[in-house]
Amino acid sequence: MQIQVNGEPFDAGECVNLAELVNRLGLAGKRIAIELNMEIVPRSEHDKTELKAGDRVEVVHAIGGG
Amino acid sequence: MSEQQLNDPLVIAGKSYQSRLLVGTGKYKDLQETGEAIAASGAEIVTVAVRRTNIGQNPDEPNLLDVISPDRYTILPNTAGCYTAQDAVRTCRLARELLDGHDLVKLEVLGDQKTLYPNIVETLSAAETLIKDGFKVMVYTNDDPIVAKHLEEMGCVAVMPLGSLIGSGLGILNPHNIRLIMEEAQVPIIVDAGVGTASDAAVAMEMGCAGVLMNTAIAAANQPVLMASAMRKAIEAGREAFLAGRMPRKAYASASSPLVGTIG
């Protein structure tokens with residue numbers, strides 16, 4: 001299944017929900033936040049939030065800044 | 001720490017802080033230097049940026065929040081790099097999710113890349129949305145006293161005028177405006193941006209600013225950890241001097257030693 005992750009095309013393979021996508025990205029357990037089609041998806045909802053082709057996912061984390 | 005400092009907290013959105021120095025985490029050589037400089041600065045409020053995670057690149061690299069723990073520091077996510085109210089609001093919502101519901105944010109909406117001057121129209125729009133959405137907004141703004149008062153009246157918990165351009169190190173270029181802002185303010189006024197060295201920070205505090213937020217002045221010093229320590233002292237010295245009240249300026253000399261009983 002083709003989706004977009006952080007502005008780039010991404011093959012989500014067999015991932016059916018956000019939690020599986022996070023796993024596939026190697027980010028399970030990391031301090032991240034996710035937006036799906038411009039809406040925040042709380043961590044507790046990742047495994048209940050299904051993915052569909054064409055979804056736009058943003059994954060962010062904290063980095064150094066002033 | 002003196003008794004006076006203990007009784008003189010900086011209060012932001014109902015929470016008390018002993019340190020009046022707020023620091024950023026950008027531009028350091030590595031995370032170890034970041035951690036050491038932040039510790040040396042004594043800061044309790046520490047800004048971070050929110051950015052896209054690099055997909056497929058070394059997911060095991062250490063995370064800033066492992067070094068600057070939210071258990072120890074008040075993390076202040078910023079909206080640096082945002083040029084529209086919409087992007088700034090999105091960034092704050094992502095930050096709140098990232099930090100488990102933490103709702104204190106540093107709002108900055110920039111005008112152009114050359115000056116990083118705040119875009120006040122977009123800043124006002126973003127502040128309104130964020131405050132309605134329950135955020136506690138510390139807002140980066142220019143040194144216009146009318147805009148500063150407006151941001152306060154909207155409900156911003158701290159107003160943070162620039163001393164000079166972000167990362168310029170030029171110090172406080174218009175102290176008269178900062179003074180005008182402080183005269184009317186009911187919320188903390190924190191100089192954000194422009195500090196170049198310790199004396200700049202002391203000047204801000206001697207004027208009566210509630211605090212100073214800085215990043216580059218520490219991170220871009222030859223020895224950031226030592227500069228962080230210098231800034232800590234400058235902030236404390238400046239605050240104590242403000243509380244003590246400086247002597248009046250005089251045009252002519254006034255002898256410190258008694259004039260009577262001199263020999264000859």
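Description of the structure in this document. All values derive from a computational prediction rather than experimental measurement.

## Some points on helix 10 (residues 224–244) of chain B
All names here are of chain B. If you check helix 10, its first and last C-alpha atoms are 30 Å apart, about what 21 residues at 1.5 Å a residue would give, namely 30 Å. Every buried residue of helix 10 is accounted for by Pro-224, Met-227, Ala-228, Ser-229, Met-231, Ala-234, Ile-235, Gly-238 and Arg-239. Turning to helix 10, the residues buried within the fold contact strand 3 (21–23), helix 2 (31–41), helix 8 (198–207), strand 10 (211–214) and helix 9 (216–219). Gly-245, located one to two residues past helix 10, shows a positive phi value of around 85°.

## Considerations on the environment of Gln113(B)
All names here are of chain B. Here Gln-113 lies in the loop between strand 6 (104–107) and helix 5 (120–132). For Gln-113, a relative accessible area of 66% corresponds to the exposed category. When the C-alpha atoms of Gln-113 and Tyr-83 are compared, they prove to be 9.3 Å apart, with 30 residues separating the residues in sequence.

## Some remarks on the packing of helix 2 of chain B against helix 10 of chain B
Describing two packed helices takes the angle between their axes plus the distance from one axis to the other. Residues and elements named next belong to chain B. Direction vectors running N to C along helix 2 and helix 10 enclose 20°, while the axes themselves pass 7 Å from each other. Accordingly, the angle class assigned to the pair helix 2 and helix 10 is roughly parallel. As helix 2 runs across helix 10, the sense of the crossing is right-handed. On the side of helix 2, the interface is formed by Glu-33, Glu-36, Ala-37, Ala-39, Ala-40 and Ser-41, while helix 10 contributes Pro-224, Val-225, Ala-228, Ser-229 and Arg-232. Split by residue class, the contact of helix 2 with helix 10 holds six nonpolar, two polar and three charged.

## Here we look at the interface of chain A and chain B
On the chain B side, the residues contacting the 27 residues of chain A number 28 residues. Counting each side, the surface lost to burial between chain A and chain B is near 2600 Å², with a carbon and sulfur contribution of 55%. For the pair chain A and chain B, the number of links is four salt bridges. A salt bridge links Arg52(B) to Glu58(A); its shortest N-O distance comes to 2.7 Å. Counting the contacts that link chain A with chain B gives 15 residue pairs in polar contact (both at pLDDT 80 or more). Residue contributions to the side of chain A that touches chain B peak at seven residues, all from strand 5 (residues 56–64) of chain A. The class makeup of the residues in the side of chain A that touches chain B is 15 nonpolar, seven polar and five charged. Of the pairings in the sheet, the one linking strand 5 of chain A to strand 4 (residues 45–52) of chain B comprises five bridges and is antiparallel in character. Within the sheet, the bridge partner assigned to Ile63(A) lies in strand 4 of chain B and is Ala49(B).

Parameters at a glance
- Residues numbered from 1 in each chain as written.
- Chains lettered and ligands numbered in written order.
- Predicted model: local features only at pLDDT ≥ 70, side-chain atom pairs only at ≥ 80, totals over all residues.
- Heavy atoms only, no water.
- Helix = DSSP H or I, 4+ residues; strand = E, 2+ residues; numbered from the N terminus.
- Expected span 1.5 Å × (residues − 1).
- Buried < 20%, exposed > 50% of the residue type's maximum accessible area, 1.4 Å probe, protein only.
- Contact = heavy atoms within 4.5 Å.
- Axes fitted to C-alpha atoms, helices over the stretch in contact; angles between N-to-C directions.
- Parallel < 35°, antiparallel > 145°, perpendicular 65-115°, else oblique.
- Left-handed = near helix turned anticlockwise from the far one by under 90°.
- Nonpolar A, V, L, I, M, F, W, Y, C, P; charged D, E, K, R; others polar.
- Buried area = accessible area lost by both parts, 1.4 Å probe.
- Salt bridge = Lys/Arg side-chain N within 4 Å of Asp/Glu carboxyl O.
- Polar contact = N/O pair within 3.5 Å; in protein donor to acceptor, adjacent residues only side chain to side chain.
- Pairing = 2+ DSSP bridges.

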